[in-house]
Amino acid sequence: MCSLLQQVAQGASKHNAMMFLTFLYLAACLVLTTLATDYFERLDLTPLPLGSLLASFEFRSNETLSAYNSQNFRYFPRSLGQVLQHADTKELHLRFSTGRWDTETWGARPWDGTKEGGTGVELWAWINAENEKEAMRKWITLNQGLSGLFCASLNFIDETRTTKPVLSFQPAGTHTQNGSLHLLHGVLPGEVVCTENLTPFLKLLPCKGKAGVASLLDGHKIFDASWQSMSVDVRPRCLTGQECLVEIAQTIDMVLNIARAKRPRGDPIPRPVQPHELICDETKSYHNHETCYPVDALETPEWSLNDVFGRPVAGACPLCDEEGPEAKSLCLHVPHSQGVWIGAGGFEVRSGPGEREKRCWQLVPGERFDFDMPKTSVRTHAQLDLTDELITAERTMTGHGAAKGGMRTVFTNPSSKDPVDIVVFESLPWFLRPFMHTLKAQITDTGFPSEWEVIKDVYYRPAVDRKRGTQIEMVLSIPPSSTVMVTYDFEKAILRYTEYPPDANRGFIVAPAVVRILNQVDATGNAKAIYIRTTSLLLSLPTPDFSMPYNVIILTSTVMALAFGSIFNILIRRFVAFDEVPENKLSKIVKTSRFRIALLKERIMGKAGKKE
Amino acid sequence: MGLLRSSLSNLRTSPRLLAVPPYISLLCMLGGIIWILLLPLDEYSRRTYISENALLPGQVHTYFHGTEQNIFRAYYHEVADVLEVQTKTAEDGSQQYMKATPAHRNERIRSIFHNSGIKTASQSYKYNVGGQELHGENVYGIVHAPRGDGTESIVIVAPIENFEKQLNTNGVTLLLTLARYFSRWSLWSKDIILLVTPDTSAGPQAWIDAYLSQHNPETVSSLTLKSGAIQGVIVIDYPFRHLFHELHISYDGINGQLPNLDLINTAISISSSQCGIPTLLQSQHRYAKPEHQHHYLNRLKVLGHGMRNQAIGHSTGAHSVFMPYHIDAITLTAIGQGREDEMAFGRVVESLTRSINNLLEKFHQSFFFYLLLQNTRFVSIGTYLPSAMAVGAGFTVMAIYLWLKSGYEQREQGKEQITKPTERDDGSQDKIERALADPNITNEQLLKQPSAGGVDRVKTKVWKSVDRHIALPAALLAILYLTSLVPMAILVTAEHETLLTRTGALCTVIIMVPVGLSFILADNTYLVDTNILFGPSTAAISANGVPKDLPEVGLITTDSSPPLDPSTRLTQFHAILKALSLLVLGLQITVLATLNFSLSMFLGVLCSPLAFTGYYPSSPLRARASLISIVLFNPFVITNFAIMGAKLAGYYDDSFGMKEVLRQWLEAVSFGWSVWGAWGVPVGVFCVWLPAWIVAAIGVMSSFIADEDGTIKNKVEKVKEDMKGGVQKVQKAAVRDSSQVRKRKK
């Protein structure tokens, strides 16, 4: 609101008229700053090793609860708000992710993993309902609504794919009606996230993708990223002494490969470069004009916003703050010693001592902004001052064959002194039947020689065939500098012929496991949540030869057509001798007229014959 | 009904009909073999085609050329530096030959991977086979699909030493160059795993075992870096420096399992159509000119090679070990001198990888059971399987024939004895008379024999049903099958030093077994004793399978059959033993045909003479013919022939003696058993062939020991003396190879 007024004011002052508007603007701003900031956006750029770049977009807007309830939407997207109100959803978390985060190279995840989901689409929500049945009904309504809104197959999250986690998720908002809130969680691990999901996502933003940092969001670049995650979080937020707010936070995080992103859109094929473009190690003894030991992969090429996103920032979104720390909508996390060539259109602010070195820019509405980052060469994330993940988790399937298999999850705690407590949440489809008696946790490699109880608690909800999947939540404690392997065996069910999805021979994708790290505190001493997710798995099920039923159907149909057709024909047809059939009038007329014509013909012909 | 039944029962004992089954059996076996010989004809084989539409072979542009070759050359220097023997001039001017250590070698390969920004890991393994330790270290890198989620992967393998123990420097270099090239593309839907193994046998096995967590963690270390389900494997083999002419595609897996035909067809289609490189199968370049590939004889040779590889069930390259895990894999080998360079090879691999990358589902569309005749022609299971089944049926027919025969005896009886009806079924009196009028006693012979009273009595020789005593033959057969596991265990677990001595000893023991057993059995007291032991209970099985409660007609006089005389007892014993053995053999051949067609076919052909040998005490000609076939179709003699054949065909040069070749083969069997789990040859020889052979040999030996008139017990000493020379001959012939082996050892 302030910015709008300011724009108006600027326009006015340019024309040297209506000076009082400036006064009005100042007065209005004084009134409005008592309210919390209504819209905020930020892009954080962090170079990663081996020529990658992490871009984190964050957009946040608020609505007061009363305005929200009376459907008086300003920055909060109306389409989403109505769906949420219709389904009585108090808190919503929606995630779209592709690719995988490479912990080894890139370090810890952005947002401590709280803003990312497993591969595909993940959705969890707190729904206000009287009982579980009603909650499920509202949940289905919510999924149907979101499915249409985000162009995703969220409507396929039915009861078999819905779980009710107990330990893994905590509400992020402040809720008053705790008793009647139901947490429901659903995943679509096979969903392919692409531009059709990005467009509705951008539409929820007040500046749509036309101005501000959101103008950088181009489907071609986002979905060519090595890893990307989009999130939508809606939560009620009550600060003491203020009216409760409904906050929507949208984030897009992606890791771009700079060399790949720099390729022109018209020609993205990585053709072999021309000989003079090769970057060779010239110290090699064999180096000559046709022998080249390449050294380009480890260098981060020079880049600018235009290079990696295909366009510069189209000025600030006019709805953002003008002043204060929240107004700096573009930040680059590089040390101050690193030179950056800045274009016009933004004011640079460098971070002060004490915090991680970064430089931020305050953008000007309507003015394009870009900068140039020169070539660097960094190989490890330690060089970039990135933090390590507290724990790494790797889940794989063991065994082979169509009948049985095993699940193996390996957790590694790199810390030398602190044990890590985690909750592992797995939701398995019903046709994967785990044998819980085979659940075993063993410490395979440790620098901590003492007895340790790994599994502290297990929450297990067995599957019901064709009704619901298995839900396993395990509280594990991983001793310091150790590797823990959790294994269990499972059996693959044989599905009914019609239950197989299309492309049954691909197998089924098993949703990633969600790992929540417990008992972590942030810099200010408050408890914080840290999540990591494993990769999804491909479960190959015993599949029938689908051509066989078709052959059977075709054969049966043919036999039926031939045998039934002819038998039916013989059975119902009445065979009557030709002379038994009584003549009807029409045929009588035809017959007599024919006879007469013939007679006439004969007569004429006869006469003609006589003449000759 | 009664009439029908009686005429059927008469048919059963009709001598003409009883003479037919051996011919049917022979027909089945010959038919099976002829069937195989027909397969290479155009009428019986089909053209190959791509079944899975998603593969789209050769539909993509390949870009692996230009400056990638500069990089290839540089990598070649790096790789050759650590793989090949380097000559270095020392300070004093002398030439020194140096070879890098495996650790140094792997360090270099990993550094090249790292240089391309690819994550790498290594895995060490150790196998203990026959007292020899085999150890090595695999190195691999994973190109993560930039937008993939790590659920699927493609593996490209380059063994440092190829199947023929040649150094695959160019192949490893190509793999590293491709790794760098692939990592720049963002279109991958599957991760690409690039594996460098020290050899083609143990290294890939250790790696895939660990990948699927099927390994023994004590000997094979676990993988630290993993990806998703493996959808396809391509092995690169380019074991020389010069330009090549053709690509050879190897596809045989362990235990005769084959990759999906689509993978082979895709490779052939890409190589020959897109890249213009001719393709070969089954070492065709050794025996067929490229323009003669479609000739009948060449197709038959390809078929034979394929069947041989399938029957042996051993690795034919690094791809073989993936097959037991239902992972489709092939090896591409550069062959000949031509004008194609490593970039062309690289483009084939690139295009093939792109095709596999296109797959949404795993390979499932095309055939898994096939025999290839040429790169564009194949025979599917529906066409070739009947041949093995026919051979298997041949044994079963013989088994049924012998079983029927064992229920009757040719007994000399006075006519009045027969005409006397049994007391029980007076209602069927007339039928019996009618049955007697039948010509079922056509072989009745007038024998003039001096009777006790000096009066000539007319006696007839008729088929008379008797009780079957199956306990002893069944027990003997079971014991034979169980004990046949012992020599198998001894051979596959033997230390390599003692392998030949053990084999020699085993041969001697095994050949002595039938001789010894036939001597024991010739002494009828054992049979009589067991008769007392088992006799009454075994009578429960009615001689001709007619349930007891039915009215008995004709000659069936089960209840009142008199005790057998020793000679008949011996004949029956041999017939039952042979019948049961052939029944099991037929079953084994048939079942094996569905698991490993070629193995079952070869075993069936090798065992076929055994079906016609037998206990012929009264026919010296048949007995001798049986003896010859027993000696010839003995596993050890056939092995000798095979070695000679292999040497003649030029697989081994003259420096290899028979003994050396045999030792190599035995080591391969023992290695295959313990590393790959290749059970084909040991199980086929020791659990199928050997027991059948021993049973056949017992029959043949016994016919030389037993006498026609059944008074053997009195004559046994004399017969033993008479036969001593003969038996010794037999023994000599049979033990020939083992003694040769021993001689050569000296």
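Predicted, not measured: the structure shown is a model, and the values here were computed from it.

Let us now look at the confidence of the model for chain A. Overall, the prediction assigns chain A a mean pLDDT of 84, with 91% of residues at 70 or greater. Here residues 16–21 of chain A scores under 50 on pLDDT; set against residues more than four positions off or in separate chains, the count is 4 contacts.

This part covers empty space enclosed by the protein. Residues and elements named next belong to chain A. Across all of its chains, the model carries 5 cavities of 30 Å³ or more by this definition. One number sums up the size of the largest cavity: a volume of about 70 Å³. Ala316, Cys320, Asp321, Glu322 and Leu363 are, among the 12 residues lining the largest cavity, the residues nearest its centre. Class assignment for the residues of the lining of the largest cavity results in 7 nonpolar, 3 polar and 2 charged.

Let us look at helix α19 (residues 597–612) of chain B. In this model α19 of chain B runs 23 Å from its N-terminal to its C-terminal C-alpha over 16 residues, within 8% of the 22 Å that 1.5 Å per residue would give. Among the 16 residues of α19 of chain B, 13 are classified as buried, and the element is accordingly described as predominantly covered.

All names here are of chain A. Along strand β21 (residues 482–492), 9 of the 11 residues are buried, which leaves the element largely enclosed by surrounding structure. Pairing of strand β16 (residues 404–413) with β21 involves 10 bridges; the strand directions are antiparallel. Residue pairing in the sheet places phenylalanine 411 in a bridge with valine 484 of β21. Both strand β18 (residues 432–446) and β21 contribute to a ladder of 10 bridges, which runs antiparallel. Of the residues in β21, the one forming a bridge with aspartate 445 is threonine 483.

A few words now on the pattern of salt bridges. Residue and element names in this part refer to chain A. On inspection of all chains with the given rule, the structure shows 41 salt bridges over all chains. Two residues, arginine 74 and aspartate 38, come together in a salt bridge whose shortest N-O distance is 3.0 Å. Here aspartate 38 lies in the loop between α2 (20–32) and β1 (39–48) and arginine 74 lies in the loop between α3 (65–69) and α4 (78–86), a separation of 36 residues in the sequence. Residue arginine 74 is classed as partly exposed on the basis of its relative accessible area, which comes to 42%. Notably, a salt bridge pairs glutamate 389 with arginine 109, separated by 3.1 Å at the nearest N-O pair. Placement of the pair is glutamate 389 in the loop between β14 (371–373) and β15 (392–398) and arginine 109 in the loop between α5 (103–106) and β4 (120–128), with a sequence separation of 280 residues. The exposure class assigned to glutamate 389 is buried, which follows from its relative accessible area of 8%. Relative accessible area serves as the criterion here: at 10%, arginine 109 is assigned to the buried category.

For the rest of this paragraph, the subject is the state of the cysteines. For the structure on display, the rule yields 4 disulfides over all chains. Each sulfur in the disulfide pair cysteine 238 of chain A and cysteine 244 of chain A lies 1.8 Å from the other. One disulfide, between cysteine 238 of chain A and cysteine 244 of chain A, carries an S-S torsion of 115° and so falls in the right-handed class. The exposure class assigned to cysteine 244 of chain A is partly exposed, which follows from its relative accessible area of 22%. The disulfide bridge from cysteine 331 of chain A ends at cysteine 360 of chain A, spanning 2.0 Å between sulfur atoms. Disulfide cysteine 331 of chain A to cysteine 360 of chain A: torsion about the S-S bond roughly 105°, handedness right-handed. Pair noted here: cysteine 331 of chain A is in strand β10 (residues 330–332) and cysteine 360 of chain A is in strand β13 (residues 359–363), with a separation of 29 residues, a long-range link. Grouping residues by exposure puts cysteine 331 of chain A and cysteine 360 of chain A together as buried. For chain A, numbering the cysteines in disulfides from first to last along the sequence yields the connectivity 1-6, 2-3, 4-5, 7-8. As a non-bridged cysteine, cysteine 194 of chain A has cysteine 151 of chain A as the owner of its nearest cysteine sulfur, 11 Å distant. Unpaired in this structure, cysteine 607 of chain B has its nearest cysteine sulfur neighbour in cysteine 687 of chain B, at a distance of 12 Å.

To continue, consider the pairing of strand β4 (residues 119–129) of chain B. A regular strand places its side chains so that they alternate between the two faces of the sheet. Residue and element names in this part refer to chain B. Looking at chain direction, β4 and strand β5 (residues 132–143) are connected through 11 bridges and run antiparallel. Residue pairing for β5: lysine 126 is matched across the bridge by histidine 135. Once β4 ends, the chain turns through 2 residues before running back antiparallel as β5, passing glycine 130 with a positive phi of about 55°.

This brings us to the sheet that holds strand β23 (residues 514–521) of chain A. Residue and element names in this part refer to chain A. The strand order across the open sheet formed by 5 strands is β19-β20-β17-β23-β24, and the pairing between neighbours is antiparallel. Strands at the two margins of the open sheet, each flanked by one partner only, are β19 (455–461) and β24 (527–533). Neighbour-to-neighbour, the strand axes of the sheet open up by a mean angle of 20°, direction not taken into account. Inspection of the sheet shows β19 paired to strand β20 (residues 470–478) by 6 bridges, in the antiparallel sense. Its bridge partner being in β20, isoleucine 455 is matched across the sheet by leucine 476.

Residues and elements named next belong to chain B. Taken together, the side chains of Leu26, Leu30, Ile34, Leu37, Leu38, Leu41, Tyr44, Tyr296 and Leu297 define a hydrophobic patch exposed on the protein surface, amounting to about 740 Å² of accessible area. Mapped by element, the contributors of at least two residues to the nonpolar patch are α3 (21–38) and α9 (296–312). No other element matches the 5 residues that α3 contributes to the nonpolar patch. Counting through the fold element by element, leucine 30 comes out in helix α3.

On to the side chain of serine 670 of chain B, then. All names here are of chain B. Assignment of secondary structure puts serine 670 in helix α22 (residues 658–676). Classification of serine 670 by relative accessible area gives buried; the value is 0%. Beyond its immediate chain neighbours, meaning those up to four positions away, serine 670 contacts Val129, Leu491, Val492 and His496.

Residue and element names in this part refer to chain B. For the pair helix α15 (residues 485–493) and helix α16 (residues 499–522), interaxial distance at closest approach is 10 Å and the crossing angle is 165°. Taken together, the axes of α15 and α16 lie roughly antiparallel to each other. For the element pair α15 and α16, the recorded crossing hand is left-handed. Within the contact between the two elements, α15 uses Pro487, Ile490 and Leu491 and α16 uses Leu499, Arg502, Thr503, Leu506 and Ile510. Tallied by class, the residues present in the contact of α15 with α16 amount to 6 nonpolar, 1 polar and 1 charged.

With that settled, consider the packing of aromatic side chains. Residues and elements named next belong to chain B. On inspection of all chains with the given rule, the structure shows 38 aromatic pairs over all chains. On the basis of an interplanar angle of 40° and a centroid distance of 5.8 Å, the ring pair of tyrosine 63 and tryptophan 185 is categorised as tilted. Remark: tryptophan 185 occurs in the loop between α6 (169–183) and β7 (191–197) and tyrosine 63 occurs in the loop between β1 (46–47) and α4 (68–83); sequence separation between them is 122 residues. Grouping residues by exposure puts tyrosine 63 and tryptophan 185 together as buried.

Another point: the environment of valine 348 of chain B. All names here are of chain B. Along the polypeptide, valine 348 turns up in helix α10 (residues 342–358). Taking the C-alpha atoms as reference, valine 348 lies 7.7 Å from alanine 267; in sequence the two are 81 residues apart. Apart from residues no more than four positions distant in its own chain, valine 348 is found in contact with Leu247, Ile270, Ser271, Cys275, Ile277 and Leu332.

Now for the packing of helix α14 (residues 471–483) of chain B against α15 of chain B. All names here are of chain B. At a minimum axis distance of 4 Å, the contact between α14 and α15 shows a crossing angle of 5°. The orientation of α14 with respect to α15, classified from their angle, is roughly parallel. On α15, the residues touching Tyr481, Leu482 and Thr483 of α14 are Leu485, Val486 and Pro487. Here the contact of α14 with α15 is built from residues that sort into 5 nonpolar, 1 polar and no charged.

Further remarks concern the sheet that holds strand β9 (residues 303–304) of chain A. Strands sit in the order β9-β14-β11 (chain A) across an open sheet of 3 strands; the sheet is antiparallel. Edge positions in the sheet fall to β9 and β11 (341–342) of chain A, since each of these pairs with one other strand and no more.

What follows deals with the nonpolar core. Phe395, Phe597 and Trp693 of chain B are the most contacted members of the largest nonpolar core, which totals 81 residues. Broken down by element, the residue count for this core peaks at 15 residues, all from helix α23 (residues 680–705) of chain B. Each residue touching phenylalanine 597 of chain B, except ones within four places of it in the same chain, is listed here: Ile36, Met307, Leu371, Tyr384, Leu385, Ser387, Ala388 and Leu592 of chain B. Ala55, Phe201, Ile222 and Phe309 of chain A belong to the second largest nonpolar core, which has 76 residues in total.

Let us now look at the interface of chain B and chain A. Taken together, the contact between chain B and chain A spans 46 residues of the former and 49 residues of the latter. Buried surface at the junction of chain B and chain A, summed over both partners, amounts to about 4000 Å²; 50% is from carbon and sulfur atoms. Summed over the three residues of chain B that lose the most area to chain A, namely Asn115, Asp149 and Arg184 of chain B, the buried surface amounts to 14% of that side. Where chain B packs against chain A, one counts 4 salt bridges. For glutamate 152 of chain B, the salt bridge goes to arginine 506 of chain A, with nearest N and O atoms at 2.9 Å. Between chain B and chain A we count 20 residue pairs in polar contact (both at pLDDT 80 or more) in total. Elements represented by at least two residues in the side of chain B that touches chain A include exactly α4, α5 (102–115), α6 and β8 (229–237) of chain B. At 8 residues, α4 of chain B tops the list of elements feeding residues into the side of chain B that touches chain A.

The rules we used
Residues numbered from 1 in each chain as written. Chains lettered and ligands numbered in written order. Predicted model: local features only at pLDDT ≥ 70, side-chain atom pairs only at ≥ 80, totals over all residues. Heavy atoms only, no water. pLDDT = per-residue confidence, 0-100. Contact = heavy atoms within 4.5 Å. 1 Å grid on protein atoms, 1.4 Å probe; cavity = no way out; pocket = protein on both sides within 12 Å on 5 of 7 lines; lining within 4 Å. Points joined across faces, edges and corners; volume = space filled by probe spheres on them. Nonpolar A, V, L, I, M, F, W, Y, C, P; charged D, E, K, R; others polar. Helix = DSSP H or I, 4+ residues; strand = E, 2+ residues; numbered from the N terminus. Expected span 1.5 Å × (residues − 1). Buried < 20%, exposed > 50% of the residue type's maximum accessible area, 1.4 Å probe, protein only. Pairing = 2+ DSSP bridges. Salt bridge = Lys/Arg side-chain N within 4 Å of Asp/Glu carboxyl O. Disulfide = S-S within 2.5 Å. Axes fitted to C-alpha atoms, helices over the stretch in contact; angles between N-to-C directions. Patch = residues over 30% accessible without salt bridge, like charges linked within 9 Å, V, L, I, M, F, W, Y side chains within 5 Å. Areas by Shrake-Rupley, 256 points an atom, 1.4 Å probe, with all protein chains shown as cover. Parallel < 35°, antiparallel > 145°, perpendicular 65-115°, else oblique. Left-handed = near helix turned anticlockwise from the far one by under 90°. Phe/Tyr/Trp six-rings, centres within 6.5 Å; stacked < 30°, edge-to-face > 60°. Core = buried A, V, L, I, M, F, W, Y, C linked by side-chain atoms within 4.5 Å. Buried area = accessible area lost by both parts, 1.4 Å probe. Polar contact = N/O pair within 3.5 Å; in protein donor to acceptor, adjacent residues only side chain to side chain.

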